[in-house]
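Structural description and commentary
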Amino acid sequence: MEGMESVAQVTSSLASSLATGRILFLLIHLLGIVCFAYIVAKRLVPLLRAKPDLRFDHPWLRLGRVLQFWLGQWRQPRYKLAGTLHIFIFAGFILLAIRAFSVLLVGVSENFVMPGLAGKAGPIYDVITDYAATIVFLCMVIAVIRRVVFKPARYAVPAKFGKAHTADAVFLLSLIAILMLADSLFAAARAAAPAQAGYPVEALAAFSLPWMLKNALLSASLSTLGRLYFGAYLLHELTFYFLLCYRPFGIQFHVETSLFNIYFAKLDREILKPVRWGISDEHLDQVKSFGVKTFEDFTWKHMLDFYSCADCGRCSDNCPANAAGRPLSPRFLTIKARDYSFQHYPIFGPGKNGTALVGNKDSGSIYTEDEIWSCTTCGACEQECPLLVEYIDKIVDLRRGMIDDGNVPQSLQKPLKALESRGNPYGKMEKKRADWVNAKQFQQACPVKILDKTNGAGTLYFVDSITSYDDRMQSIGRATARILDHVGESFGILGAAERDSGHEVRRFGEETLFLALRDHNVEAIRASGAHRIVTADPHAYNALKHDYKDVPAVEHISQVIAREVSAGKIKFNPVANDSSVYTYHDPCYLGRHNQIYDEPRDVLDAIPGLKRVEMARSRDRSFCCGGGGLMLFYEPKEDQRMGVKRVQMAAEAGANVMVTACPFCMVNIEDAIKVAGLEGKMTAIDLAELVDQQIARDCPDLKARSIAAQASEVKECVALSAK
Amino acid sequence: MEILVCVRRVPDTSENEIQLNSAGNDIERGDLVYSINEADNYAVEEALQIVAKAGGTVTVATVGAEDDEEVLRREMAMGANRGVLISDDAFNGSDGRGIATILNAFVETGHYDLILTGVQAEDGGAQVGGMLAALLDYPFASLVTSIEVLEDRKLKISREIEGGQKEINEIDLPCVLSIQTGINEPRYVGMRGIRQVAGVPIPTFHAKDLGIGPGAVGEAGAKVKRVDYFVPVLGKGAEILQGSREENIDRVLELLEAKGGLK
Amino acid sequence: MARIFAYIVHRAGVVDDSAYELAAAARQIDPAASLTAVLTGWGPDLDAACNAVRASYPEIWKIAHEALAYPNAELVRKALLQVLPGASIVLLAHDHLGIDLAPGLSIKMNAAFVSDVLSIARVEGDNLKVVRQEFGGQASTHVHCDARAGAVLTIRPGAFKPLANAAANGSVIDKSSDGILTAGRRYLETLVAETGDVDITRHSILVSIGRGIQEKDNVAIAQELADAVGAVVSCSRPVVDAKWMEKSRQVGSSGKTVKPKIYLACGISGAFQHLAGIKGSPFLIAINKNPKAPIFQVADVGIVDDILEFLPELTSKVREMQGAATR
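Structure report, in brief.

Parameters and conventions
- Residues numbered from 1 in each chain as written.
- Chains lettered and ligands numbered in written order.
- Predicted model: local features only at pLDDT ≥ 70, side-chain atom pairs only at ≥ 80, totals over all residues.
- Helix = DSSP H or I, 4+ residues; strand = E, 2+ residues; numbered from the N terminus.
- Expected span 1.5 Å × (residues − 1).
- Buried ≥ 20, exposed ≤ 12 C-beta atoms within 10 Å, placed from the backbone.
- Core = buried A, V, L, I, M, F, W, Y, C linked by C-beta atoms within 7 Å.
- Domains from an automatic or database assignment.
- Contact = placed C-beta atoms within 7 Å.
- Pairing = 2+ DSSP bridges.
- Axes fitted to C-alpha atoms, helices over the stretch in contact; angles between N-to-C directions.
- Right-handed = clockwise from strand over helix to strand, strands pointing away.

1. Here we look at helix H1 (residues 38-54) of chain B
Along its 17 residues, H1 of chain B runs 24 Å from first to last C-alpha, staying within 8% of the 24 Å computed at 1.5 Å per residue. Along H1 of chain B, the positions that sit buried rather than exposed are Ala39, Asp40, Asn41, Tyr42, Ala43, Val44, Glu45, Glu46, Ala47, Leu48 and Ile50 of chain B.

Shown next as structure tokens:
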């Protein structure tokens, strides 16, 4: 067989064509790496100037979360199509990583083979990566089509936030597609080469992209193949390094930062960031300035969050404030901050220190006050983000800054002053806090003890302000008390010694006032001698559980009821009205923040004859009612109330009774029913009220009187809520 | 621009029913919380905004006792440069004119271009500002709802008059203005702000520091004295409808028709 | 007793209602004392005003000066000090001019000063015992006033009922003097309030809302009732301060004065500054959650109920009735 070259000769002819570029390739390697290192170093500069953030604890726990959220792409499937695409792309990247390095190194070291892939593993790996490259390529095509043709709503950029991001997205997606093509062409050229010597071509994964390209090249001459081989390599290398150095300029930086962002993500989502990490509450006076006023007031992790945002829009898609038309969009909170950091800490040129972040657009501020006050801290954004970007801490920190500067809307100043002087946002007298227990018929049937040092009980019912003072919500208090009484709980309340839990006070940035309220309450709780706390208010529950230290364990009334139901201590009468269809609305601070989803549902399902439906947005996708605490006083600029949207969701689900387990949800939903024009078609009832209404009580004469009393009171409250 | 704002600590009455005490000679003060008179707070905020633009300092002063220092401190936390307590047993029982006399003596100890007070205190008579101006022989304007600093030691001010109209005046410095609520949006002051000025000394001016003799002020010098608080005997008042909501609505409709209401 | 003077407020030749109330107050202080009305101004408007009060005052002093064409309190004070004898009682209305003028006048006259007087409890020689209010009307007080060296009193508008048979047939005495009148404060102009889309002073039925409406979105509830009965919505000051309605809708001493036939006060407490804007004794229906609200003192008919629930039901009943009527 003269004239026929061996496979080895063919391969080495390709290799030598590649070798001609070795110096060039090496130079590109060096340039690329140096550029990338320089860019990353520049990107780290603001982080070095940032405030501290203690995230180096529990390394194994953090690694576990990296496995779950980064490697496992845990959050991605929440959006099925985009999630699937991304999982494929991510898997592809991971699988192709080694191949990419191999390819890059082959250019400078001819016979380079990645350790571990020399033997049988090599071809198997090649098959896998052939398919991986193909799938990634296909995903790029689909992604581009999605962006350009279908234009999913959550990618849209409202005019006030700038131009659309589509061009940049398509550019990057195309570059990745080109990378896959280049890689495939490189493999295809080499695989096709033996055909020139009459030998069977190298096997490539059937129907993969490299395979298709190889087939297209079967008739190409060796010299053509050589040029293609060289060209594909160069294209691959250039594209690879271009992407590497371009990614830190945009949302694709998440490719590099995501692992770190997830590693350093908050372990306990419910612990709010302190004013300054490393400074305890007692030493806060040392801190000259509270909160975030300039960019450098953010912690390094916050800045890393800004870098890591992938602009997927899932946060804003689930943000109730955004849906209501308020100025807040979490996605743009992050994107604007990122752009700000790029502008003030450019790759070339000196860094400029901060202008005020919140204020007038003309003076360079990126956030408006209303934007920051609009947040109800419902946590939907944090629940959704695949990169575990944190929002609530930042909003709270920005609010701290505004409060520190005295920049507070008048509508919030009044309740804050009232909280300071009277311990409740309504400004009502402390001594009237327990007046709700004195409702005549109630007091006879269910006298409630006021706890103090001389008068103790095992369980403390922490009522909090709205249930204590609001005429409508007091019935939740009475219902809760009756339930505790029914199950034989020895309990009492703090009465006039109780102050507002301060939950929203803290989340609205008034840390000093919060600490004062907390310290007062902790003392009163200790004095009561209670070793257990129960509350019907999820905001109080969240505060007592996470914001308060050294207090007894706290439960929400729904947990108590659920337990007593399964223990058989609570039995229910069947539902009276056949035409009622119930749906449960998950309060943000019971559900999403504290994962209590099942207990309230179990309780409802234990009521005979109760028809229950689930709204489309439920559990951790529940839609905030509008917010509680101080949010009830704030006057937002919005297109439609969050509560109205929620009530419409209930109607869409086919329900005509909404059950909730939070007094603030009750306020917002009852209000929304009126505003939405659904009076008479939709009612709302609190879980405790419903339970109290349906409990089957044994009937000695003594109790008969109390039943009549309860029935008339509950009728009154249901009538109120029906209006 | 050196500005003096005369402030007063008053009971917070917005949500809390004022009640007579058991002796019937005063209101029940045990459960009351006190804070700065609302209109005075607006005046301090206005002063702070003026000096932010025109330069100068803001002094807040009150005629009272040690308890009143807390409002001075709060206004200092808001941004006032100096707080002054004017206190003396001899001042107790002063009427409006007495207070104005005391303030007049204090003003003479300094150089103030502009003196502000709130229009009226919760328990006051809308008088001190005008009286002080007359004692000082400074021009005066009440119910001021906007201030613009002009050149040549003049201000352009607007006053709130009936019908929602605004009376625009030009006034020479030095002058006294009484400020109406709503003139601006006062900044927030919290516990932290107050703590930060906790250590700043607040000087006290006594009668001898001001050269005020007895007889001009205090109970002896007062021509006007409040002698008691009482609950007025209420007249007949409205006919309160006692029926159910439906019945009341029907009655209202009847009345509307009868009075020529419904179209 | 000392002489009593009443400073009369007038505009465009029309005398303010308070002029007659001051005469009644003077009568209560001392029916025997000589009573004089004092008017400042310029030109035919001043003459017309002087004429208008002749029935209520036995003597009228007219002070005409070009500088006094607009009542600048600083200039008025100077003019008054030129003519008022010492140790006299001077009455003014507790209005925007009274607040501006009276305190300084009392100082210059070395007289006692009591503001916003509601009634005269007792007069013993030179000692007056009057009634005032504090804390936004939540508390009433008796105040002693030593009027030996004279007294300046501002009287709450509407607190004293004008005398029924006023037939004083007073004579007008010209107390004008030449000479320059200047002061450290100069009147420039009056900016008229925007009428906005609705002029509430022209409507015979008003559905008026107060703080009880609770939030801006609820204003629609009042608007629907107003639409149904052919009325317009007006409001009290807190509603304007909270920016739930325009200033042009405000009824009160610092808002508009209205003279409707029917006035529905919904969620309005009844502070006097608001009531001061309601003239002509309309039929007043008050709806308020708080049975102790002062509005129930002045209303004709009162309903203790939540306006957020009462008003929508009232509206639908009205619509029902109208629906039935058109069939």
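What follows continues from the structure just given.
2. Focus on the nonpolar core
In this structure, Val5, Val44, Ile102 and Leu132 of chain B are the most contacted members of the largest nonpolar core, which totals 206 residues. Inspection of this core shows a minimum of three residues originating in each of domain 2 (285-404) and domain 3 (413-722) of chain A. Other than its neighbours up to four places away in sequence, valine 44 of chain B contacts Val5, Val7, Val58, Val60, Glu75, Met78 and Ala80 of chain B. Membership of the second largest hydrophobic core comes to 62 residues, among which are Ile8, Val9, Leu22 and Cys145 of chain C.

3. Quick look at the sheet that holds strand S12 (residues 224-230) of chain B
Strand order in the open sheet formed by 4 strands is S12(B)-S10(C)-S9(C)-S8(C), with antiparallel pairing between adjacent strands. Looking at strand neighbours, the two that pair on one side only are S12 of chain B together with strand S8 (119-124) of chain C, the edges of this open sheet. Direction aside, neighbouring strands of the sheet carry axes that sit 25° apart on average. Bridging between strand S9 (residues 127-134) of chain C and strand S10 (residues 139-146) of chain C involves 8 bridges; their strand directions are antiparallel. Looking across to S10 of chain C, one finds that leucine 128 of chain C is bridged to cysteine 145 of chain C.

4. A closer look at the pairing of strand S5 (residues 59-64) of chain C
Across a regular strand the side chains alternate sides, sitting on one face of the sheet and then on the other. All names here are of chain C. Relative to S5, strand S4 (residues 35-41) runs parallel, the two being bridged by 6 bridges. Paired with alanine 37 across the bridge in S5 is isoleucine 60. In terms of handedness, the path from S4 via helix H2 (residues 43-52) over to S5 forms a crossover that is right-handed. As paired elements, S5 and strand S12 (residues 171-174) share 4 bridges and run parallel to each other. Among the inter-strand pairings, glutamate 59 is bridged to a residue of S12, identified as serine 171.

5. Quick look at the environment of leucine 48 of chain A
All names here are of chain A. Tracing the chain through its elements places leucine 48 in helix H2 (residues 22-49). Leucine 48 sits in the exposed class, given 8 other C-beta atoms within 10 Å. Sequence separation of leucine 48 and glutamate 296 is 248 residues, and the distance between their C-alpha atoms is 9.3 Å.

So far we have only geometry, and geometry alone does not tell us how the molecule works.
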